[in-house]
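Breakdown of the fold
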Amino acid sequence: MMAGIFAARNGHEVHIYEKNEKLGKKLFITGKGRCNLTNAGEMDTLFSSVSSNPKFLYSGFYSFTNEQAVDFFEDLGVRTKVERGNRVFPESDHSSDVISAMSRELKRLGVKINLHTEVKQVLAEQGYINGILLAGGKKIPADSCIIATGGVSYPSTGSTGDGYRFAREAGHKVTALYPSLVPMEVKETFIPELQGLSLRNVDAVIYDGKKKVYEEFGEMLFTHFGVSGPIIISASSVMGKLLGEKDLRLSIDLKPALKFEQLDQRVLRDFEENRNRQFKNAVDKLFPAKLKPVMIERSGIHPDKKVNEISREERQRFVAMIKNFDMTLTGLRGYNEAIITKGGVDVRQIDPGTMESRLVKGLYFSGEVLDLDALTGGFNLQIAWSTGYLAGISVH
Ligand SMILES: Cc1cc2nc3c(=O)[nH]c(=O)nc-3n(C[C@H](O)[C@H](O)[C@H](O)COP(=O)(O)OP(=O)(O)OC[C@H]3O[C@@H](n4cnc5c(N)ncnc54)[C@H](O)[C@@H]3O)c2cc1C
């Protein structure tokens with residue numbers, strides 16, 4: 001849609017072929033229906049939030065910046081606001097306003113929108129694009145073609161990965177694909193007991209053997225299969241590939257504000273106040289109710305043991321467990337739950353200043369179909385806007 005708008009503003013005759021019954025089905029569900037349309041952070045933040053191939057985006061991000069994205073939408077009548085973490089949303093909190101504004105602009109510019117129209121093939125001859133083939137068998141001649149088919153995550157929105165096939169058929173390399181910004185599965189059998197539990201202000205560290213591969217402070221939650229929530233979703237973007245190859249260890253510090261000794265003192269105080277009670281009745285203040293049975297079970301201390309009979313070693317082991325609540329990560333959840341697809345059309349075969357293929361003249365790519373992905377916070381849509389803009393102004 002972005003590419004279409006800019007190609008049309010440049011005077012081209014533009015046709016959009018969309019297999020769904022409407023435009024922007026994925027856009028509709030972004031930001032939980034509110035559409036976090038970009039991030040108002042500094043340029044440095046934009047680049048450092050891109051997980052794959054940030055350098056390729058140099059031209060794109062500078063040609064169509066986050067500020068330009070905001071101005072673009074404001075000009076189309078979408079008032080915006082900035083929230084925590086510089087996330088930009090429509091003031092109305094409705095993603096549908098973003099879609100309507102773009103649809104109106106496409107209409108104003110005379111772009112022909114063909115809904116319920118699936119593209120089957122991209123046609124090229126002797127290194128030049130010459131059109132597309134529709135599902136019904138109709139050939140549409142064209143001087144240029146922009147592939148903006150998205151990734152393979154949330155396929156119900158229409159992103160079924162057709163663009164990867166089009167790219168391969170045109171001779172392009174497509175790098176390995178992974179679900180990303182996605183929850184993770186955990187091996188331990190206590191996980192279903194914790195379903196629905198949300199932990200705030202915890203420190204999560206992920207280890208590959210002894211090596212620390214990720215660390216973040218924030219919020220996470222337990223699901224029936226494993227873990228999710230902001231810090232887990234972000235972690236999947238950074239070490240998802242590794243998790244595809246082997247199990248990793250997730251270690252949660254449930255009390256990051258307290259050093260080991262401080263926490264030990266705190267537990268000791270709690271124990272002294274409850275010296276004649278059973279262990280299971282002396283730890284209520286330490287963690288949320290759902291976590292209590294799991295922590296008691298894992299402590300190795302009998303739940304009925306009198307607190308004054310707990311040894312120093314037992315208590316310290318218990319404290320260590322609160323500082324390192326360990327789990328085994330066994331894999332990522334699938335594309336149905338992934339916010340983004342990692343991997344895609346190899347950017348080395350794309351001109352970063354125009355988004356044109358280096359192999360086929362007149363063939364352009366934009367958005368998630370490319371091997372580009374970023375953290376949550378509006379960065380993925382900024383990638384779509386910037387690359388769509390470049391492709392749109394570059395078609396000739
Ligand atoms: C639940 C969820 C929430 C998200 N929230 C945010 C957020 O708040 N902020 C953010 O920055 N990013 C967010 N993202 C990521 C963002 O939505 C995507 O990165 C972005 O939509 C990619 O844009 P795109 O145009 O490349 O592809 P898409 O938005 O996937 O659009 C591709 C379009 O191509 C059509 N298509 C595919 N194949 C064919 C074919 N053969 N013929 C015809 N049409 C075809 C599809 O139907 C689809 O409409 C979210 C993603 C998900 C899944």
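Structural data are supplied above this passage.
The residue numbering used here restarts from 1 in each chain and proceeds along that chain's sequence as written. Per-residue local features of the predicted model are confined to residues with pLDDT of at least 70, and side-chain atom pairs are confined, for both listing and counting, to 80 or more; whole-chain, interface and lining totals are unaffected and use all residues. In computing side-chain properties, one takes all heavy atoms of the structure into account and sets aside hydrogens as well as water.

1. Here we look at the packing of aromatic side chains
- Note on ring pairs: Phe, Tyr and Trp rings are taken, using the six-membered ring of Trp, and paired if centres are within 6.5 Å. Classes follow the plane angle, with under 30 degrees stacked, over 60 edge-to-face and the rest tilted. Per the stated rule, a full pass over the model turns up 16 aromatic pairs.
- Here F6 and F72 contribute two aromatic rings whose centre-to-centre distance is 5.6 Å and whose plane-to-plane angle is 35°, an arrangement assigned as tilted. Taken as a pair, F6 in helix α1 (residues 2-9) and F72 in helix α5 (residues 66-75) lie far apart in primary sequence, 66 residues in all.
- In this analysis the charged atom, NZ for Lys or CZ for Arg, is taken to sit over a ring once it is within 6 Å of the ring centre and within 35 degrees of the ring normal. Directly above the ring of F89 sits R34, whose terminal nitrogen or CZ lies 3.9 Å from the centroid.
- Across from the ring centre of F225, 3.6 Å away, lies the NZ or CZ of R333, which sits over that ring. The helix count covers DSSP runs of H or I at least four residues long, the strand count covers runs of E at least two residues long, and both are numbered beginning at the N terminus.

2. Examining the site of the ligand
- Around the ligand lies a shell of 29 residues, among which E18, S159, D162, E368 and L381 are the nearest.
- Whenever a nitrogen or oxygen atom comes within 3.5 Å of another N or O atom, the pair is scored as a polar contact, on the condition that within protein one atom can donate a hydrogen and the other can accept it, and that pairs from neighbouring residues in sequence are kept only if both atoms are in side chains. Here an oxygen atom of the ligand sits 2.7 Å away from a polar atom, N or O, in the side chain of S159.
- Measuring from an oxygen atom of the ligand, one finds a backbone N or O atom of L381 at 2.7 Å.
- Protein contact buries 89% of the 1000 Å² of open area that the ligand shows by itself.
- The set of elements that each furnish at least two residues to the shell around the ligand consists of α2 (25-29), α7 (162-169) and α13 (379-394).
- It is α13 that provides the largest number of residues to the shell around the ligand, a total of three residues. Any residue with at least one heavy atom within 4 Å of a molecule or strand is counted as near it. Computed with the Shrake-Rupley method and a 1.4 Å probe, the accessible areas treat only the protein chains shown as cover for residues.

3. Re a nonpolar patch on the surface
- Side chains of F28, I29 and Y154 sit close together on the surface and give an oily, nonpolar patch of about 270 Å² of accessible area.
- Structurally, the position occupied by Y154 is in the loop between β10 (145-147) and α7.
- Relative accessibility thresholds used throughout: buried, under 20% of the residue-type maximum; exposed, over 50%; partly exposed, between the two (1.4 Å probe, protein chains only). Since its relative accessible area comes to 31%, Y154 is described here as partly exposed. Candidates for patches are residues over 30% relative accessible area with no salt bridge; among them, like charges are joined within 9 Å and nonpolar side chains (Val, Leu, Ile, Met, Phe, Trp, Tyr) within 5 Å. A carboxyl oxygen of Asp or Glu within 4 Å of a side-chain nitrogen of Lys or Arg is what we treat as a salt bridge.

4. Notes on the sheet that holds strand β2 (residues 38-39)
- We call two strands paired when DSSP finds no fewer than two bridges between them. The strand order β2-β5-β4 describes an open sheet built from three strands, whose pairing is antiparallel. If you trace the sheet from one side to the other, it starts and ends with β2 and β4 (80-83), each paired once.

5. Section: the pairing of β4
- Examined bridge by bridge, β4 and strand β5 (residues 87-90) share four bridges and lie antiparallel to one another. Its bridge partner being in β5, K81 is matched across the sheet by F89.
- Connecting β4 to the next strand, β5, in antiparallel fashion are three residues, including G85 with a positive phi near 70°.

6. Focus: the environment of P141
- With respect to the helices and strands, the residue P141 is situated in strand β9 (residues 139-141).
- Put simply, P141 and N130 are eleven residues apart on the chain and 5.8 Å apart in space, counted from C-alpha to C-alpha.

7. Some remarks on unusual backbone geometry
- Residues other than glycine seldom take positive phi values, yet K32 does so here, at roughly 55°.
- Within the element layout of this structure, K32 appears in the loop between α2 and β2.
- The backbone of H116 sits at a positive phi, close to 50°, despite the residue not being glycine.
- The topology assignment puts H116 in the loop between β6 (112-114) and β7 (119-125).

8. Regarding the nonpolar core
- Core analysis: the largest hydrophobic core is formed by 65 residues, its most contacted members being F73, F365 and W385.
- The dominant element in this core, judged by the number of residues it contributes, is α13, at seven residues.
- Not counting chain neighbours up to four residues away, the residues in contact with F365 comprise I147, A167, H172, V345, I350, M355, S357, L370 and A391. The definition of a nonpolar core used throughout is a set of buried Ala, Val, Leu, Ile, Met, Phe, Trp, Tyr and Cys residues joined through side-chain atoms within 4.5 Å. Every residue pair with non-hydrogen atoms within 4.5 Å of one another is taken to be in contact.

9. Some points on the side chain of R333
- Secondary-structure assignment places R333 in the loop between β17 (325-332) and β18 (340-342).
- A relative accessible area of 18% places R333 in the buried class.
- Looking at R333, its side chain comes within polar contact range of the side chain of E337, at 3.1 Å.
- In this view, R333 contacts P179, V182, P183, M184, E185, H224 and F225; residues no more than four positions away in its chain are not counted.

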